[in-house]
Amino acid sequence: MELTVLGCSGSYGSPAAGAACSGYLVREGDTAIWIDCGNGSFVNLQRQIDPADLTAVVITHTHPDHCVDLYGLHVMYRYGLERTGFPVFAPAGTEEAMGALASWGDTFAWLAIDPGDPAPVGDLRLAFSRTDHPPPTYAVELTNAADRRMIYTSDTGPNWSVDAFAPGADVVLSEASYRHDDRRSPIHLSGTQAGAAARAAGAERLVLTHLWPEVDPAVVVGEGSEAFGARATLAAVDLVVPI
Ligand SMILES: [Zn+2]
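Residues numbered from 1 in each chain as written. Predicted model: local features only at pLDDT ≥ 70, side-chain atom pairs only at ≥ 80, totals over all residues. Heavy atoms only, no water.

## Here's the deal with the coordination of the zinc ion
Right, so step 1: For the zinc ion, the full set of protein donor atoms is His61 (NE2), His63 (ND1), His133 (NE2) and Asp155 (OD), at a range of 2.2 to 2.3 Å.
Right, so step 2: Every donor counted, the 4 donor atoms about the zinc ion form angles of 87 to 166° at the centre, which fits irregular coordination.
Right, so step 3: We note that the donor set of the zinc ion lies within a single chain, spaced as H-x1-H-x69-H-x21-D. Of this pair, His61 sits in the loop between strand 4 (56-58) and helix 2 (64-67) while His133 sits in the loop between strand 8 (124-130) and strand 9 (138-143), and the two are 72 residues apart along the sequence. We note that His61, like His133, is buried. (Donors = N, O, S within 2.8 Å, 3.2 Å for Na, K, Ca; no water. Tetrahedral: all angles 85-135°; square planar, octahedral: opposite > 155°, others 65-115°. Helix = DSSP H or I, 4+ residues; strand = E, 2+ residues; numbered from the N terminus. Buried < 20%, exposed > 50% of the residue type's maximum accessible area, 1.4 Å probe, protein only.)

## Considering the sheet that holds strand 4
Right, so step 1: Pairing is mixed across the open sheet formed by 7 strands, whose spatial order is 6-5-4-3-2-1-14. The open sheet has two edge strands with one neighbour each: strand 6 (108-112) and strand 14 (240-242). Pairwise comparison of adjacent strand axes, ignoring direction, gives a mean angle of 20° for this sheet.
Right, so step 2: Of the strands in this sheet, strand 3 (31-35), strand 4, strand 5 (86-90) and strand 6 are in contact with helix 3 (residues 70-81), which crosses strand 6 at around 145°. (Pairing = 2+ DSSP bridges. Axes fitted to C-alpha atoms, helices over the stretch in contact; angles between N-to-C directions. Contact = heavy atoms within 4.5 Å.)

## A few points about the sheet that holds strand 9
Sheet strands associate in pairs through backbone hydrogen bonding, adopting either a parallel or an antiparallel arrangement.
Right, so step 1: The strand order 7-8-9-10-11-12-13 describes an open sheet built from 7 strands, whose pairing is mixed. If you trace the sheet from one side to the other, it starts and ends with strand 7 (119-121) and strand 13 (233-234), each paired once.
Right, so step 2: The sheet contact formed by strand 7 and strand 8 spans 3 bridges and is antiparallel. What sits directly across from Pro120, in strand 8, is Arg125.

## Examining the pattern of salt bridges
Right, so step 1: Taken as a whole, this structure holds 7 salt bridges when the rule is applied.
Right, so step 2: A salt bridge links Asp238 to Arg47; the nearest nitrogen and oxygen atoms lie 3.1 Å apart. With Asp238 in the loop between strand 13 and strand 14 and Arg47 in the loop between helix 1 (41-46) and strand 4, the pair connects residues that are 191 residues apart, well separated along the chain.
Right, so step 3: Close ionic contact of Asp181 with Arg179 constitutes a salt bridge, the shortest N to O distance being 2.9 Å.
Right, so step 4: Look at Asp181 and you get exposed, because its relative accessible area is 61%.
Right, so step 5: The class for Arg179 is partly exposed, based on a relative accessible area of 31%. (Salt bridge = Lys/Arg side-chain N within 4 Å of Asp/Glu carboxyl O.)

## Notes on the packing of aromatic side chains
Two measures describe an aromatic ring pair: the distance that separates the ring centres and the angle between the ring planes.
Right, so step 1: Under the criterion given, the structure shown has 12 aromatic pairs.
Right, so step 2: Here Tyr77 and Phe86 contribute two aromatic rings whose centre-to-centre distance is 5.0 Å and whose plane-to-plane angle is 85°, an arrangement assigned as edge-to-face. As far as burial versus exposure is concerned, Tyr77 and Phe86 are alike and both buried.
Right, so step 3: Among the aromatic residues, those joined into a ring-pair cluster are Tyr71, Tyr77, Phe86, Trp104, Phe108 and Trp110. (Phe/Tyr/Trp six-rings, centres within 6.5 Å; stacked < 30°, edge-to-face > 60°.)

Rendered as structure tokens:
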């Protein structure tokens, strides 16, 4: 299994973070899942893979920096590739909420995320957990046939943790929006909080993402690494993480 970062800027695009907001491509064999369609991530996806080869999309929540590039995929699929029934996992109500700006037709098969119901997608198994973040937001766990596992926290405050899933994940991809002494909102984590949670959950490797554009990445990664007890990796566009 392999993770490729398509976008990692927190909340709005930043030149320092390669411009694009949250987007991640996870591949296992012929299975390719695009998780979060943040602004700018679709361009970076197209540099990695022919979009026609995607297996499914996951939208973790309807904040624009996690979903708006789904509109671009829709236009390509509906009017270019004339595809139908493509699976899109998203919180219940996403089709209607985003539908104010799109006429979806039958391009997508909308699948409401259900945290109690793990979903097989190609060669991977997906499980979800509701995080501490408005609107309804879901962390994603991806497991392959060899039980290698990645957990993506999506956005969350400190009242949810990766320990909602089984301990010992091979990779935890965690949001880390702020410096610990400058937490501007309770709906996100600091690097310290992300590192402590990953350590408590026995993660093998920690990748930090969704840093607020104005914070110094070196400070957040330093705090995250100290709390994790090992060097954390800073997400960057085109970073590839084997899992
Ligand atoms: Zn959010």
